[in-house]
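# Structural characterization, general
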2 protein chains.
Amino acid sequence: MKGTVLYGPHDIRFEDRPEPRIEKPTDAILRLAATCVCGSDLWPYRGVQKIDKPTPMGHEYCGVVEAVGSEVKTVKPGQFVIGSFCVSDNTCPNCRNGYQSGCEQMEFMSRAQAPILRVPLADGTLVATPGTPPDDLLPSLLTVSDVLGTGWFAADAANVKPGSTAVVVGDGAVGLLGVLSAKVMGAGRIIAMSRHKQRQQLAEEFGATHIVSERGEQGVARIKELTGGLGADSVLECVGTEDSMMQAVQSARVGGSIGYVGVPHGMKLEMFPVFLHLVHLHGGPAPVRRFLPDLIQLVWDRKIQPGKVFDLTLPLDQVAEGYRAMDERRAIKTLLRP
Amino acid sequence: MKGTVLYGPHDIRFEDRPEPRIEKPTDAILRLAATCVCGSDLWPYRGVQKIDKPTPMGHEYCGVVEAVGSEVKTVKPGQFVIGSFCVSDNTCPNCRNGYQSGCEQMEFMSRAQAPILRVPLADGTLVATPGTPPDDLLPSLLTVSDVLGTGWFAADAANVKPGSTAVVVGDGAVGLLGVLSAKVMGAGRIIAMSRHKQRQQLAEEFGATHIVSERGEQGVARIKELTGGLGADSVLECVGTEDSMMQAVQSARVGGSIGYVGVPHGMKLEMFPVFLHLVHLHGGPAPVRRFLPDLIQLVWDRKIQPGKVFDLTLPLDQVAEGYRAMDERRAIKTLLRP
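Being a predicted model, the structure only gives us computed values, none of them experimental.

### Observations concerning the overall build of chain A
When helices and strands are tallied, chain A shows twelve helices and 19 strands. Here the C-alpha atoms of chain A give a radius of gyration of 19 Å, agreeing with the 20 Å that 2.2 N^0.38 yields for 338 residues. Principal-axis analysis of the C-alpha atoms places the extent of chain A at approximately 60 × 40 × 35 Å. Looking at chain A as a whole, 57% of its 338 residues qualify as buried.

In structure tokens form, the structure reads like this:
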């Protein structure tokens, strides 16, 4: 089998890899129907996050079960399944509290930019779709694995309620699906912060009622104008820098909520303004497993089309071009077909 | 009239001051029954928080209304009242959302270490007691103004629920009353972090079920031992340093809640561990006005005795000794009688 390996900054190779096999009785082997490149893959791709050896890449996946270990009970060969980017047992106290991304046995998935994938803790990680999906549903089903699940968590953590006002900071795929999530949760007004025409349009398709193209202080001033001087009930922070976090804090109303899902690489947050502003902060790696059943159903019933974030589809063996297109912001998100 | 003025580090004077009078039609004038020194007063007293001119001190108060402006409707001369350390109109959107400490007209109270006090926005700031209190209730009623209200907010922001496990970081008066608050809210286990015998005893009187005297990593290890390796549902952070905040984050369970009320003077928080740990953070200047009616009633009905945090009572003209005793940790909290 061939799979995707990152060797160093901008050095993605699609090369021979050992074919995955059952290693533990709780494993499953999937033949992937689709995989993709994540915004977070760009951190090591750009050399911002260091790697110390060639690293197999990919953590978003869906496909058909080929084999399961002897202890796997909830999925079986032939089923189409989707899993979280975080492997979890779904039985430990953290999982029972709804935080499968903090499972006592948690591992971050990798090696999914490949045709075949071994998934540890299959019972706790995978959820089967109601049947074999038609081909046109694959992109939307694939998003559930991470990018939709993460946008959904941002909205959930930001406490979006029917009728509330939500601001989305960040117009990457996660931010755009944060807009969609806020819409499904019933937000009355959704303000997307974006300066890119194509992303603005997609935000509007997903339910944004307002677009703010200014950033920083000017962006905050526009949010205040749109909210009677108060700021928003909910802010979804989908970037992960100190600037974007402060923009989120200042865009929230006093006592409002910020859901943050952008990985804070080395970020230190000045707490005094956060304190004075009395905001709620909640975020982290999304506990996608908590949301999988409901999000699969929403896609299956064609109530949402999160797959629209894929504006580039390539055969898996062109994965390097998929990274380049996202790195250069020529593509929002690249879908890869094995 | 004489009042308390801070001139510089360790230079507290009790000196002639103009007697407060009604300045605006929304003002009230109170003759104070009791006032006190706050832990936060020690920041400028120690020179950590700079002052640029002689500064009248004091923001915790209760007493009898002497006069009201022409627009004041909810309190009247002769009533015994308690007010928040934050002046608020209690009608703006932030107040209606329960965040009176972020009121659009908010001012931090000062000048309360004096016999007579002008309170702006009296209708939105003051709450009358059911009658004239007996003298022995004064210390407990006074705590409602800030120190109890702040400990209560820490527990509320940390999402303390019946049966949950709460950890309290900080054994000052706010932390001790955080213990009391968690107890009233029904926490099943309350772990107080303290290394001082007298404070440990008071924590136990207020409802602490466990005392942890270790700090930092060893303190966190003890909390983990006491919580089956998971960490606590709720952590009350009542100090405000980066060390105490990281101790709070690491003492919480994955997905747990931290209520922080220690003023974060210049604190920058490393967000990556907060992110990975998926905790909820909420805090700020306590919206005491939200809690005043219920807390007054709990004291009035003698269900709680928060006044026990006062272990030193002095005549107001000895206010300088009241500061010294707290600065040198000879006293937990000093009550001053005009």
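### Quick word on the domain arrangement of chain A
Residues and elements named next belong to chain A. Partitioning chain A into structural domains gives domain 1 (2-146 + 287-337) and domain 2 (151-283). Taken together, the 15 residues of domain 1 in the interface contact 14 residues of domain 2. Of the residues belonging to the side of domain 1 that touches domain 2, the class tally is nine nonpolar, four polar and two charged.

### Digging into the nonpolar core
By size, the foremost hydrophobic cluster in this structure holds 230 residues, and its most contacted members are Ala166(A) and Ala166(B). Residues in contact with Ala166(A), not counting those within four places in the same chain, are Ala155(A), Ala158(A), Val160(A), Ala182(A), Ala187(A), Ile190(A), Ala232(A), Ser234(A) and Leu236(A).

### So, the pairing of strand β18 (residues 312-315) of chain A
All names here are of chain A. Note: β18 against strand β19 (residues 334-337), four bridges, orientation parallel. Within the sheet, the bridge partner assigned to Leu-314 lies in β19 and is Leu-336. The parallel pair β18 and β19 is bridged by helix α12 (residues 319-327), and the resulting crossover is right-handed.

### Structural notes on the sheet that holds strand β4 (residues 55-56) of chain B
All names here are of chain B. Overall, antiparallel pairing links the three strands, which are arranged β2-β1-β4 in an open sheet. With one partner strand each, in any of the chains shown, β2 (11-16) and β4 form the two edges of the open sheet. Strand direction decides the pairing type here: strand β1 (residues 2-8) and β4, joined by two bridges, are antiparallel. Pairing of Val-5 across the sheet is with Pro-56, part of β4. Packing of helix α12 (residues 319-327) onto the sheet brings it into contact with β1 and β2, and relative to β2 it is tilted by some 160°.

### A closer look at the relation of the copies chain A and chain B
A rotation about some axis, followed by a shift along it, carries one copy of the chain onto the other. Rotating chain A by 180° and translating it 0.0 Å along the rotation axis places it on chain B, where the RMSD comes to 0.0 Å. Here the symmetry operator amounts to a two-fold rotation axis. Both copies contact each other with a shared surface, as 96% of the interface residues of chain A are interface residues in chain B too.

### Considering the packing of helix α6 (residues 173-184) of chain A against helix α7 (residues 197-206) of chain A
Residue and element names in this part refer to chain A. Running from amino to carboxyl end, α6 crosses α7 at an angle of 20°, the nearest separation of the two axes being 8 Å. Here α6 is positioned roughly parallel relative to α7, judged by the angle of their axes. Crossing hand, α6 versus α7: right-handed. Here α6 contributes Leu-176, Val-179, Leu-180 and Lys-183 to the contact with α7, which in turn contributes Arg-199, Leu-202, Ala-203 and Phe-206. Its residues placed into classes, the contact of α6 with α7 shows six nonpolar, no polar and two charged.

### Quick notes on the packing of helix α5 (residues 147-157) of chain A against α6(A)
Residues and elements named next belong to chain A. In contact at an axis separation of 7 Å, α5 and α6 are set at 60° when each is read in the N-to-C sense. It follows that α5 is oblique to α6 by the angle criterion. Along this stretch, α5 crosses α6, giving a crossing that reads as right-handed. In contact with Val-147, Leu-148, Thr-150, Gly-151, Trp-152, Ala-154 and Ala-155 of α5, α6 contributes Ala-173, Val-174, Leu-177, Gly-178, Leu-180, Ser-181 and Ala-182.

### Overview of unusual backbone geometry
Residues and elements named next belong to chain A. Positive phi values are uncommon outside glycine, yet Leu-121 reaches one of about 45°. As for its placement among the helices and strands, Leu-121 is situated in the loop between β9 (116-119) and α3 (122-125). Exposure remark for Leu-121: the 23 C-beta atoms within 10 Å place this residue in the buried category.

### As for the interface of chain A and chain B
Each partner contributes residues to the interface: chain A has 27 residues there, and chain B has 26 residues. Sorting the residues of the side of chain A that touches chain B by element identifies α2 (93-96), β15 (252-260), β16 (268-270), α10 (271-277) and β17 (280-283) of chain A as the ones contributing at least two each. Tallied by class, residues from the side of chain A that touches chain B come to 15 nonpolar, ten polar and two charged. Relative to strand β17 (residues 280-283) of chain B, β17(A) runs antiparallel, the two being bridged by three bridges. Residue Leu281(A) lies in a different strand from β17(B), and its bridge partner there is Leu281(B).

### Some words on the sheet that holds strand β11 (residues 165-169) of chain A
The twelve strands are arranged β13(A)-β12(A)-β11(A)-β14(A)-β15(A)-β17(A)-β17(B)-β15(B)-β14(B)-β11(B)-β12(B)-β13(B) in an open sheet whose pairing can be described as mixed. The two strands at the open ends of the sheet, each matched to only one other strand, are β13 (210-212) of chain A together with β13 (210-212) of chain B. Here the strands of the sheet are splayed against their neighbours by 20° on average, with no regard to which way each runs. Examined bridge by bridge, strand β11 (residues 165-169) of chain B and strand β12 (residues 189-193) of chain B share five bridges and lie parallel to one another.

### Considerations on helix α7 (residues 197-206) of chain B
All names here are of chain B. Every buried residue belonging to α7 is among Arg-199, Leu-202, Ala-203 and Phe-206, and all of these are buried. Across the axial projection of α7, the buried residues extend over an arc of 105°, all falling on one side. Buried residues in α7 make contact with α6 (173-184), β12 and β13. Two residues or fewer past α7, Gly-207 is found with a positive phi of approximately 125°.

### Considering helix α11 (residues 288-300) of chain A
Residues and elements named next belong to chain A. The end-to-end C-alpha distance of α11 is 17 Å, a good match for the 18 Å that 13 residues give at a rise of 1.5 Å each. Of all the bends in α11, the greatest measures close to 35° and is centred on Asp-294. Looking only at α11, the buried set comprises Val-288, Arg-289, Arg-290, Phe-291, Leu-292, Leu-295, Ile-296, Leu-298 and Val-299. Looking at the buried side of α11, the elements it contacts are β6 (80-83), β7 (86-87), α3, β10 (126-128), α4 (138-144) and α5. Just past α11, the residue Arg-302 takes up positive phi, approximately 55°.

### Observations regarding the environment of Val75(A)
All names here are of chain A. Looking at the secondary structure, you find Val-75 in the loop between β5 (61-68) and β6. Residues Val-75 and Glu-23 lie 52 residues apart in sequence; the distance between their C-alpha atoms is 17 Å. In this view, Val-75 contacts Ala-28, Val-65, Val-68, Val-81, Ala-122, Leu-126 and Ala-128; residues no more than four positions away in its chain are not counted.

Analysis parameters
- Residues numbered from 1 in each chain as written.
- Chains lettered and ligands numbered in written order.
- Predicted model: local features only at pLDDT ≥ 70, side-chain atom pairs only at ≥ 80, totals over all residues.
- Helix = DSSP H or I, 4+ residues; strand = E, 2+ residues; numbered from the N terminus.
- Rg over C-alpha atoms; globule rule 2.2 N^0.38 Å.
- Buried ≥ 20, exposed ≤ 12 C-beta atoms within 10 Å, placed from the backbone.
- Domains from an automatic or database assignment.
- Contact = placed C-beta atoms within 7 Å.
- Nonpolar A, V, L, I, M, F, W, Y, C, P; charged D, E, K, R; others polar.
- Core = buried A, V, L, I, M, F, W, Y, C linked by C-beta atoms within 7 Å.
- Pairing = 2+ DSSP bridges.
- Right-handed = clockwise from strand over helix to strand, strands pointing away.
- Axes fitted to C-alpha atoms, helices over the stretch in contact; angles between N-to-C directions.
- Least-squares fit on C-alpha atoms with pLDDT ≥ 70 in both.
- Parallel < 35°, antiparallel > 145°, perpendicular 65-115°, else oblique.
- Left-handed = near helix turned anticlockwise from the far one by under 90°.
- Arc of directions from axis to C-beta.
- Expected span 1.5 Å × (residues − 1).
- Bend = angle between axes of the 7 residues up to and from the residue.

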